[in-house]
Structure formats: structure tokens, C-alpha cells
Amino acid sequence: MQGKGLIKFFLVVMLLVTIAQYLFVIPTNAVENDADDYAQNVTGDDSGEAYRIARASYLDSISDQEVFRLPLIKSYTYQDLKAQQLALGLDLKGGMSVVLQVDLREFLLSLARNSKDPTFEEAIQAASQAQQSADDDFITLFGNAWSERAGDNEKLATIFSRNDALRDQVGINTSDAEVLRILREKADETVNLTFVMLRNRIDQLGVVQPNVALDAERDLIVVELPGIENPARARAFLTGTANLEFFDVLNVDQNSINALIQADQLLQRRQDLAAGLDSSVVDQTTTVYDTVYALDELGNLTDSIASINEREVQNQTAGPLFSVLTPNNGNFGPAVLGIAEGGNRQRVMQYLNDPEIKRLFPRNASFRFSETPLPADDQGTPGNLYQLYQLDLPRDGVAPLTGEYVTRAGSGPEPGGQVAVNLTMNSEGSRIWARMTTEAANSGNRQVAIVLDSQVVSAPRVNGPITGGSTSITGDFTVQEATDLANILQVGRLPARTQIIQESIVGPSLGEANITSSITALLIGFGLVLAFMLFYYGGAGVVAIVSLLLNLVFIFGALASLGTVLTLPGIAGILLTIGMAVDANVIIYERVREELRVGKTVPNAVRDGFANSYSTIIDANVTTILVAAVLAYFGLGPIKGFAVVLIVGVIASVFTAVLVGRLMVDYWIEKKGTMTFWTGGSENLFADVNVDWLSFRKISYGISAVLVVISLFFIFTRGFDLGVDFKGGYSYTVVMDKDVSAQELRNALEGPLQGVPTIKSVDADNTYNIVTNYLIDQTAQIDGQEPQDVVLAALYEGVTAATGDQAVTLQDFSNTEFDGGTHITSVSKVGPTIADDIKRSALEAGIVALLGIFFYLLLRFKGKRYSTGAVVALFHDTIITMGVFAACWGWIGFNMEVDQAFIAAILTVIGYSINDTVVVFDRIREYLTSYTKRDREHLINDAINSTISRTVMTSFTTILVVLVLFLFGGASIKGFAFALLVGIVVGTYSSIFIASPIVYDLSSDQEVKEVRAEADKPVAV
């Protein structure tokens, strides 16, 4: 064997690098043991929610401190050490995962200076709607919508040239195509900057080993936060733009209240006219009052001083505005215009931003609600009332002072006991802040408003000028809220708003169960494969075992160094890699056994067996890598991780089986003089197979045609059990502490969720998966609540009604770490945009994988009969596997929904099937040039017979590990494993009975002669 020294060098280097990678575990474990001791001392317990919180708090506190140092090389923090190790995904550790879409709608509006051009507004709206289902980016969609609506004389340049920042690039004569190119450039910069700043912001969240990735093609940011304790806090971190603004406040006076009264009556007049009421009643004029009004308990407008003309007001009921807004009656300070319930804020703002209504107020008046409601008290304040402020908006629409001037932000207690966010500004910010506070103080009763993301966080009264460039924000913050806000402000505002379009929350208990079942499956599968290799190959089986062990070592080391997040599909990928890694050994050893049977010595049989196997191994593994690469490109989240594991596994398998395996075999033979490649029980297995496979081709064509027709029938009539990945919606896994049937649960949830949810039993007792599309399209708040919180409350109502368990609170029910009682263990939200994206990417992945395999085989085997036979067999395998799922879902006792994992399984089946087929094709090609006197029928039969041992052995070992995965891998992986089992069986069948016969039927004796003549040509030296 040539190049032994080079192989030994790479082997030593890889072992050293891998060992170093594993050594980082030692100091990491030391830190985590200290965290365990700390949590146990604090809580007096070694498990439970309080223990986990204390442990996480300890690790957060030391995450940026040096805990390990390599002398003269580098020091490492705990965060650095964890980054050097294989991170566990949410389904193995618990935590939160979200897919964020960067909102470029607001970005375009900002660049256009909020242009009111009707064509521009229509194009923006059309692009927003198209983004729900289209594959193009927002700028492209906007450009398409504009070109469809714009007239000959309308140009984008007239809109965007008004922006000073674009004036150097966009002139009045710039073409629409050029403007769109510039906008795309600016949008890319914005998306990238949003990603960078969001990643920096997440670093402040204190999560160990967060995973943040940018999908620039689709303007998506994928974030995984393992072990996150507070999803609501994480959402605020991820979606808040942190747009900090400081405004002067317009104090409320009699003119402000009169404007409110006139606005209310104007709205009432419109409403009455729309209803066809008498205009003589409608057109009554409004009297200007010299007092402040409020609404009494009956909704009637009353005065607070009782010294006014009551002629126009008494008994007059509230109009549209006063039905949702209560004017300030003097109890809320001079800066507050009125108060409204949380659910009415949007309607109030809609009324006040009406052009006719705005003319009633000063031109510089702008309105903002408080971020938090007034606290509930014993006087009847309910705790959901928000204050409406009237702010002084400069003529250019930009706040006089913004967060861009803030250089440092921190948090700490105030003398009065409140927690405050402390800000330090640069020199320009200090100058502006000094001017604002000086003017406010001199006005006597003036306040300034501190606004964060369009909500008033605080509106302090200014007692004197603040000239030092420092200030504090108070707003009834908790210590954690103040710390979070300071961290966000320290990083800075995001250039564009982000919106959560997919979200998953997995409880740690579910993650622990997945780890246990996955490790069990991994160990059992690996053990069975090792035992089989020893039984079948004897001494060579020992080499195969060492190769497999090295393979696993290299896989885990490589995944850790690449920063890969290991998920449940990733575990499945490792198990599958074990099964497929055996394939390289099987191909080599079966070829060596063939050489031994014709009488060659062991050294010569080893030399020829390895040499004649290289082509087959390369072809088989290239096709698998092709499929895995397609998965890596088109997949999202766990599926991308599965693909990376598969690619790394295939490369490691080839290195360990072919190169390292050859080193070990040669070393063994040099030391011992020989090596066994069989045992007494396996020596003659498949030794003299002589079956006329092609004589069965018409029967096999008929059987396959029937199976394909039946599969298509079920696919088009019964369809699939589409998972939430493909149809969108909210998905919850709920554990019940009482016996409840799926039908009882369905009946109880139909009302609260306003429709019949999909309910599936999970393999654990009284555990159900509940999927609903209730409010999935809703993005705005509902009565002051986020849509997901409204859905959760409805779910809680229905589940507690079904179980009769009223003792469980909503807080406990929604806590994925709750130890007892009915509660949620995982949550997933998939919006319509991401669902359409997943469906589209799944289709594209399948098409690209098939085309890639077709063209590779076309080039590799120089004949369309091979690529045609392979692709027909792949369509055959795919349709039958999908048909089984379409026929069986609903009556088999495990989840068979079609989701991203199922697509990964289908593509893996394609890779496995083509792997099997290529082995036969390679032998056919070899026989064409080696046995020139045989006709093609005998030649193809002999090729199948000579590879049948490899086909059976590889299929058997792969089925062995996948069967273990199916039996022990946990509920969430059973559908994936079942699809692989069906696909492997069908793929093995199609390699022999479909692909090879098609090659025979599509070729002729003349083509065989041409191939042989081509092979016989002398090679130029």
C-alpha cells in the first residue's frame, strides 16, 4: 500500500486534535460540578425547578470569567469551553428555538420617508401579502408589485430621492431597476447588521451555547437558546428593536380636552351619518368648556368641578372615542391625556391618527401609550389601564434625542428603592439633554418622556437642568427587567424590527427522556453491529470494530469543532452512519472473500480486494454526500444538523474503513502472517449464488406497478397527516395527570380554540399532541396580550375542562419544567410564511437531489440507461414509502405525520437506495470490460449474484441499527425510523428487481460491444 506514511501522519494529527477537543470536557465538568454544589447548598435539593434556576444563575455569573488556561497559549472562559464542545439541541436539552424574519417593510417605509404615494403604499401592501407564500425576498416582491401597478410616468426615484442618505445614489432620472438594486444592497446591509447586533444582544442574555445563524437568502435568523428559563424574556430580547427616544411633553390643558370632545363628536357624527340618522341632531355644535371631563360608571360624560354649563353635556352618552378612552380627570398628572384598556389602545390610536382628527390638535402633537399599565389598587383600578401621553414631535418627525447618543447603560437601585436603568451620553447627547431638561424645568410643570419602541417607559418631572450627560429611567422595573433593558440599550437598537414566524419550546424533562432513549438506541445498535461483524468476518471483524470506534471518535470531535448542534435527528444520523459505515467494510471484505475463493493468498486477496473496491466505495458515498448536501442547503434547524452529521459521518467512514482499515489489515498480516475474513458459520454464506434474476423482471415490473398505483391511490385520496411544519399552527405536547380520551379532549377544546384541533396520542400514557391554527395569522396584540398567550389561555381552558383539574394554574400549566399535574412539555409555533417556505424547500430538495444523482451517474457511467434505471428506481422507492405513510397514518400506534424529519428520511432513503444500486452498476460495468464473451443477460445476472452478499449484509446491518432506533429512540423519532425501514427494504428490492433490469432492457448487444471497444483502446502515456 502506497502512502502509508502520509496516512499515519493524518491519523496521528486527527487523533491529537480530537483528543484535545475532548480534553476541554474536564475543566468544563469541574465548573459544572461547582454549579451543582452551589445549587444544592442554596436550595437544599439536587433537582427541581429551584435547583435548575440556581444552577443556571451560577453558570451565568461566571460565564465570562477565566476558568482554564493553557500555559503560554490561551485562556478560556466557561463560555469558551462550552463553545469547544458538542452542543446539545433543544430536543435533547430543553430550551427555546425561534425563526425570526427581518421586517423589511418598515425599512422601506423609512427609506421612503413614510411616503404617502398611493402606488407605493399598494406595492408595499402587496409585497407583504405575497411574502406569506412566495420564495423571493421582500425587495424583489416589492419591485414586482411596483412594476405591476406603476404607470408610465411613475418612478421609484421620485420617492427615494427625497431621502438625504440616498441622494448621492438615487437621482430623479435613476431607473427603477437601479433603485431596486440599491434598495437590495441597503436591505442586505440592514439584515446583516441586524443579525450581528442580535447575536451580540443574545450574548447578554446569559445563555450557555446559544446558536444564532443567518439565512441571508430568505432574510431569516435562526436562534436556539438551550436551557432558557423564561421564554417571555427571550421574546422581548429577540423582537424589541430598542429604539430609545426622548421627547418633550405637551401638557394637557383645556384645549386638549376640547379637542378630544370635538374628536369624539366628529366620530359620532360620521357614525350617525353612516347609520342614516337625522342631520339636524347630528350637526349640533360643541361648546368649549372650562373644565376637565371624565366618564362616569354609566359611560356618560360628566364634569369634575360641577361649575359649568351643563346644557350641552348632561345625559350625552360617550361617542366612539370616549367609548374606548377616558379623558384625564386630573388624577393622572398634567402629561396624561387619558387612559384606555389594553385591548382598546389600537383603536384609540386609529382614531387619533385620522387626518381630520389630527387637525383638531396642535400640529406638533404626537400620541404614545405607556409601556406598562397602571397598578391595580383598592380603589377599583383593574390593572389593565394604560396612560395616553401627548408628546411634542419636532417638524422633521425625529425625536430630539435618541439612543444613538447613549455610550453606556447599566442598572442599579435608586434612593427611593426603585430599580433604574442608568444612561451615560456622549458630548452631543449631553448638550441636547441639557437643553431639553433646562426648557422643561423653566416651564414650571413640564415633563420629558422617555420612549422605548414607541411606548412611554417613563415621563419624569424635571426639577432642574441635567448637564452631566447622565440620566436614569425608572418604570417599576424588576431587577431582571432593568438589567435586560440596560443590556439591550448597551448593544444598541436593531436596524430593523424582527418578527417571530416559528417558535419551539421544549421542557428539560422531555429533553432528558430523549437523551436517555437516544443513548440507549445508540449503544444497542452499535453493540449489535459489532457482534455481527465479529461473527461474520472473524479477524477482519475486529478491524471493522476498531474502524467504527475511530469513526465515532472522529465524528463527535469534528462536530464539536464545527460548532454543530446535536439534535435528535442528529443522533439518528449517527446511528444511520454506523449502519452505512459498515457498508465500506462490507464492500471491501466481500471482495477479499471473492479473491480468496478463487485461490489467491491472503496478502494478494487483500491487495486486489481493496483495489477493486475503491471505485464502488467512491461512487456509493459520493451519491450519499450529494443527498446530504441538498439537505444541508435546503433544510432548516435540526434537518440541517442531520445533514451535517451525515456528511461528516460518510467522510469519516471512508477514511477509517478504506485508509486506516488497510493500515490495520497490513499490520496484522505482517505480524501474524495471515488474517481471517470469515468464521465457520459464515464461510460459505452467499458463496455460490446463481440466480437468474432477470427472468423475474416482468413479474417484478408488475408487482412494482401495482404497488406504485396503490400508493398513488392512497396519496391522492387519503393524503398525508401533515405536521405543523407544513400547514402552520400552534403545536403543544401536553401531559395529563388524569385519564382523558382524545375525543373528550377534542370536544372540550373545540369551543375555546374556535375550531376542531388535531389531537394525537403520544406513546406515553395520557400525553397528547394538540395542533391548532387558532390565531396563527394574528400578529397584533389582542386586548393587550400577545396572540400566543391568548391561544395558550384557550388551551388551558379546554384542557382543564376536560380533565376537571382546576387546581392547576395557568402559570403551572404553561411551565415546561412543572414537576406535577397537567402541564405542557413542548410548544411549537409555525407561521404560514415558514410553513410555505418548508413545503417549497422540501419539494426543491427532492428535485435537486434526483437531478444531481441523475447527472452524476450519467457522467460516471457514460450511459443514460444507468442514470435512467437509477432514477426510475428512486421514484419507485419514494412513491411506495410515501404511499405506506398515506395508507397507514391514523391507525398505527405512533406518530406518522409528514414533517421535516420525514423529508429527511425520504432523501436518506434516496441516498441509501442509490448507494445500493451503484454497487451493482459498478460490477456490471466491470464485467462488461472483463468478460467479453458473455452476453449481457448472463453478465448482469452474474453482477447481481456477485454483489448479493454485499447487498444483504449492508441492508441487514442498516436495518439492525434503524430497527433499534425505531424500538428505543422515543416517540418523536419513530416516524423517521419507520420511513427508513420501509425505504431500506424497498430500496434493496428495487436495486435488484428494477434498476438492473431497466439497464438490461435499455441496452443492446451493440452498445455492449461499443463499451468493450472503448475499454480496449490503448491509453496514451
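Residues numbered from 1 in each chain as written. Predicted model: local features only at pLDDT ≥ 70, side-chain atom pairs only at ≥ 80, totals over all residues. Heavy atoms only, no water.

### Looking at the environment of Pro-226
(1) Moving on: Structurally, Pro-226 is set in strand S6 (residues 220-226).
(2) Moving on: By relative accessible area, Pro-226 is classed as buried at 8%. (Helix = DSSP H or I, 4+ residues; strand = E, 2+ residues; numbered from the N terminus. Buried < 20%, exposed > 50% of the residue type's maximum accessible area, 1.4 Å probe, protein only.)

### Let's talk about the sheet that holds strand S19 (residues 470-474)
Adjacent strands of a sheet pair through backbone hydrogen bonds, lying either parallel or antiparallel.
(1) Moving on: In spatial order, the strands read S15-S16-S19; together these three strands make up an open sheet with antiparallel pairing. Only two strands of the sheet have a single partner each, and these edge strands are strand S15 (406-413) and S19. Neighbouring strand axes in the sheet, compared pairwise and without regard to direction, differ in orientation by 25° on average.
(2) Moving on: Pairing analysis gives seven bridges linking S15 to strand S16 (residues 419-425), with the strands arranged antiparallel. Its bridge partner lying in S16, Pro-413 is registered against Val-419.
(3) Moving on: Along the sheet, helix H16 (residues 427-442) makes contact with S16 and S19, crossing S16 at roughly 115°. (Pairing = 2+ DSSP bridges. Axes fitted to C-alpha atoms, helices over the stretch in contact; angles between N-to-C directions. Contact = heavy atoms within 4.5 Å.)

### Let's talk about the side chain of Asp-248
(1) Moving on: Note that Asp-248 resides in strand S7 (residues 244-249).
(2) Moving on: For Asp-248, a relative accessible area of 9% puts it in the buried group.
(3) Moving on: Not counting residues up to four positions away in its chain, the partners in contact with Asp-248 are Leu-391, Asp-392, Met-436, Glu-439, Arg-446, Gln-447 and Val-448.

### Here we look at the nonpolar core
(1) Moving on: Ranked by internal contacts, the top residues of the largest apolar core, which has 128 residues, are Ile-578, Phe-677 and Phe-976.
(2) Moving on: It is helix H31 (residues 900-930) that provides the largest number of residues to this core, a total of 18 residues.
(3) Moving on: Among the nonpolar cores identified, the runner-up in size contains 67 residues, and Ile-159, Val-740, Tyr-774 and Val-827 belong to it. (Core = buried A, V, L, I, M, F, W, Y, C linked by side-chain atoms within 4.5 Å.)

### Notes on the packing of aromatic side chains
(1) Moving on: Under the criterion given, the structure shown has 19 aromatic pairs.
(2) Moving on: A ring pair is formed by Phe-966 and Phe-978, whose centres lie 6.2 Å apart and whose planes are at 40°; its orientation type is tilted. Placement of the pair is Phe-966 in helix H32 (residues 936-968) and Phe-978 in helix H33 (residues 971-1002), with a sequence separation of twelve residues. Here Phe-966 matches Phe-978 in class, with each residue buried.
(3) Moving on: Aromatic ring contacts, followed pair by pair, group Phe-532, Tyr-536, Tyr-537, Tyr-589, Phe-677 and Phe-956 into a single cluster.
(4) Moving on: Residue placement shows Arg-345 over the ring face of Tyr-386; its charged tip is 3.8 Å from the ring centre.
(5) Moving on: Across the ring face of Tyr-1000, the terminal group of Arg-936 is positioned such that the distance to the ring centre comes to 4.4 Å. (Phe/Tyr/Trp six-rings, centres within 6.5 Å; stacked < 30°, edge-to-face > 60°. Lys NZ or Arg CZ within 6 Å of the ring centre and 35° of its normal.)

### Considering the pattern of salt bridges
(1) Moving on: Within this structure, the stated rule accounts for 22 salt bridges.
(2) Moving on: Here Asp-354 and Arg-270 are joined by a salt bridge, their closest N and O atoms 3.0 Å apart. Taken together, the residues Asp-354 in the loop between helix H14 (345-352) and helix H15 (355-358) and Arg-270 in helix H12 (residues 254-275) connect sequence positions 84 residues apart.
(3) Moving on: The exposure class of Arg-270 is partly exposed, given its relative accessible area of 31%.
(4) Moving on: A salt bridge links Arg-923 to Glu-594, with the shortest nitrogen-to-oxygen separation between them at 3.3 Å. (Salt bridge = Lys/Arg side-chain N within 4 Å of Asp/Glu carboxyl O.)

The values are spatial; any link to function lies outside them.
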